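Analysis of the macromolecular model
Residues per chain, in single letters:
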Amino acid sequence: MGSGHVQEDQHICCTRAQDRDQVQRPQASEIMAPRLSDFEKGQIDALHRLLLTPRAIAARLRPRPDKTRPSYKTVERFLKNRGRKRVVKKPGPARTISPKLERRLIRHVITDRLTSAQAVTELQLACSARTVRRILQRSPEVRIIAQRRKFFISEKNRVKRLAFAREYVHKPLSFWKNVIFSDEKIFRLDGPHGYNKTYQRTRGPEPAPTMRRHSGGGSAMFWGAMSWHGLSTLHRVQGSLNAERYRQVMLNVMMPWALELPWRLDQPDCPFIFQQDNAPGHAALSTRELFDTVGIALLDWPARSPDLNPVENLWAIVSRRVHWQGRQFMRLDDMLPVIYDCWRTEAPKYVEALFESMPRRLQACIDAGGRQTKYQFRHYS
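All values reported here derive from a predicted model rather than from experimental measurement.

Of all 10 residues in strand β2 (residues 179-188), 9 are buried; the element is thus mostly enclosed. Sheet topology places β2 next to strand β7 (residues 273-275); 3 bridges connect them, and they run parallel. Pairing of Ile180 across the sheet is with Phe274, part of β7. Examined bridge by bridge, β2 and strand β4 (residues 219-227) share 8 bridges and lie antiparallel to one another. Directly across from Lys185, in β4, lies its bridge partner Phe222.

See the structure below:
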């Protein structure tokens, strides 16, 4: 009987303690002090002008309806931030590409090997190619690389290149003004033949190069030459350039053009020096005999040296102009007039600068010990 009364009294005490705790403990919303009203801010300003401390100001503020006052920390924080202009960052223009479309863009550019201009056209994006490039550049999944082809140089060719560079590096510009540089170039409907930039993922192995159409959709080979006095007629080569076709180009295109140029009069027998690479049609015995017969001096050009030939850079300039911003052609009849126009209007602007670069090219070859120089990649544009 006594134990029952004790348990009942303990239960009553616990219940009263819980009720007392619930009454005494305020809610979280009640603990948070309200913001300063405009009237309180005015009071603080007036009292601050009297040189009172934040504690003294908080003690003199008029009590609120709940009999509380702002703390001195609140007063101190208000005085510290008073007069500061709140800068609200304005949002930029609305995004033209959503995050979902951005992921799709990155996926197609990497998978289909598209340029930024091609991505805008094929994906029908409502933005410019520059916006696409910015998206790709800031994406951590993409890196921009150049598909570069590095020509092989054997030890024998390296020694010959180095000897050639050392022999001609100190030749004055007047010597190079009497040299004709020549070479062939293949233009493809799908784009530049060789060097091109592309986007790839930063993770995983590099994908193998792919062609969009068989043999680039069609191609055309041209022969061209440059001298200090101007450019030759751009001649289209039908088929492969064997020794017979090359001799016809020399007789019908190169020689009539070269003999009309204003060469120096102190060299009546051979007014110019002709440069050509060591392609099979160029190095054929019949071709050598032709040059010996007509009395044309040849520059002893080392093999595997496209980076030393300035006409390669001229072809690169024409190629970039023809395929500007990823331009492609459906037919050769559409591409040929553009090539002729670029050779006639754009290429002559760079002739003198390319001739003046010959000492720098040869010095770069010497510095590289006869190996590839920085000019090599421009060959494949």
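Take the pattern of salt bridges next. Counted by the stated rule, this structure contains 11 salt bridges. The salt bridge partner of Glu155 is Arg158, with a shortest N-O separation of 2.6 Å. With Glu155 and Arg158 both in helix α9 (residues 155-168) and 3 residues apart, the pair spans about one turn of that helix. The closest approach of N and O atoms between Asp334 and Arg331, which form a salt bridge, is 3.2 Å. For Asp334, a relative accessible area of 32% translates into the label partly exposed.

Here we take up the environment of Gly239. Relative to the elements of secondary structure, Gly239 occurs in the loop between β6 (235-237) and α11 (243-258). On a C-alpha basis, the gap between Gly239 and Ala220 in space is 8.7 Å, while along the polypeptide they are 19 residues apart. Those residues in contact with Gly239, other than ones at most four positions away along the chain, are Met221 and Arg245.

Looking now at the confidence of the model for the chain. On average, residues of the chain carry a pLDDT of 82, and 78% of them reach 70 or more. Below pLDDT 50 for its whole length, residues 26-32 participates in 1 contact with residues either more than four positions away or in separate chains. Here residues 377-381 scores under 50 on pLDDT; set against residues more than four positions off or in separate chains, the count is 19 contacts.

To continue, consider the pairing of β4. When a strand is regular, its side chains alternate between the sheet's two faces. Counting buried positions along β4 gives 7 out of 9 residues, so the element sits mostly inside the fold. Across 3 bridges, the pairing between β4 and β6 is antiparallel. Residue pairing in the sheet places Phe222 in a bridge with Arg236 of β6. As paired elements, β4 and strand β5 (residues 230-231) share 2 bridges and run antiparallel to each other. When the bridges of β5 are listed, Ser227 appears paired with Gly230. Adjacent in sequence and paired antiparallel, β4 and β5 are bridged by 2 residues.

Attention shifts here to a positive patch on the surface. Residues Lys100, Arg103, Arg104 and Arg107 make up a contiguous surface patch of positive charge. Within the secondary structure, Arg104 sits in helix α6 (residues 99-111).

Ranked by internal contacts, the top residues of the largest apolar core, which has 38 residues, are Trp176, Phe181, Met226 and Val322. Contributing elements (two or more residues each) for this core: α9, α10 (173-176), β2, β4, α14 (310-322), α15 (332-345), α16 (351-356) and α17 (358-367). Examining the composition of this core, we find that 6 residues originate from one element, α15, more than from any other. If we ignore the near neighbours within four places in the chain, the residues touching Trp176 are Tyr168, Lys171, Phe181, Leu299, Phe355, Met358 and Leu362. Ranked by size, the runner-up nonpolar core spans 20 residues in total, among them Ile180, Tyr246, Phe272 and Phe274.

Remark: α11 packs on helix α13 (residues 285-294), axes separated minimally by 9 Å, with the N-to-C direction vectors making an angle of 25 degrees. With respect to their mutual orientation, α11 and α13 come out roughly parallel. Taken together, the residues of α13 that come into contact with α11 (itself represented by Ala243, Tyr246, Arg247, Met250, Leu251, Met254 and Met255) are Ser286, Thr287, Leu290, Phe291 and Val294. Here the residues of the contact of α11 with α13 are counted per class, giving 9 nonpolar, 2 polar and 1 charged.

Let us now look at the packing of α14 against α15. Direction vectors running N to C along α14 and α15 enclose 130 degrees, while the axes themselves pass 9 Å from each other. The angle between α14 and α15 falls in the class oblique. Here α14 runs over α15; the crossing is right-handed. Taken together, the residues of α15 that come into contact with α14 (itself represented by Leu314, Trp315, Val318, Arg321 and Val322) are Met335, Val338, Ile339, Cys342 and Trp343. The class makeup of the residues in the contact of α14 with α15 is 9 nonpolar, no polar and 1 charged.

Scoring rules and cut-offs
Residues numbered from 1 in each chain as written. Predicted model: local features only at pLDDT ≥ 70, side-chain atom pairs only at ≥ 80, totals over all residues. Heavy atoms only, no water. Buried < 20%, exposed > 50% of the residue type's maximum accessible area, 1.4 Å probe, protein only. Helix = DSSP H or I, 4+ residues; strand = E, 2+ residues; numbered from the N terminus. Pairing = 2+ DSSP bridges. Salt bridge = Lys/Arg side-chain N within 4 Å of Asp/Glu carboxyl O. Contact = heavy atoms within 4.5 Å. pLDDT = per-residue confidence, 0-100. Patch = residues over 30% accessible without salt bridge, like charges linked within 9 Å, V, L, I, M, F, W, Y side chains within 5 Å. Areas by Shrake-Rupley, 256 points an atom, 1.4 Å probe, with all protein chains shown as cover. Lys, Arg positive; Asp, Glu negative; His and termini not counted. Charge placed at Lys NZ, Arg CZ, Asp CG, Glu CD. Core = buried A, V, L, I, M, F, W, Y, C linked by side-chain atoms within 4.5 Å. Axes fitted to C-alpha atoms, helices over the stretch in contact; angles between N-to-C directions. Parallel < 35°, antiparallel > 145°, perpendicular 65-115°, else oblique. Nonpolar A, V, L, I, M, F, W, Y, C, P; charged D, E, K, R; others polar. Left-handed = near helix turned anticlockwise from the far one by under 90°.

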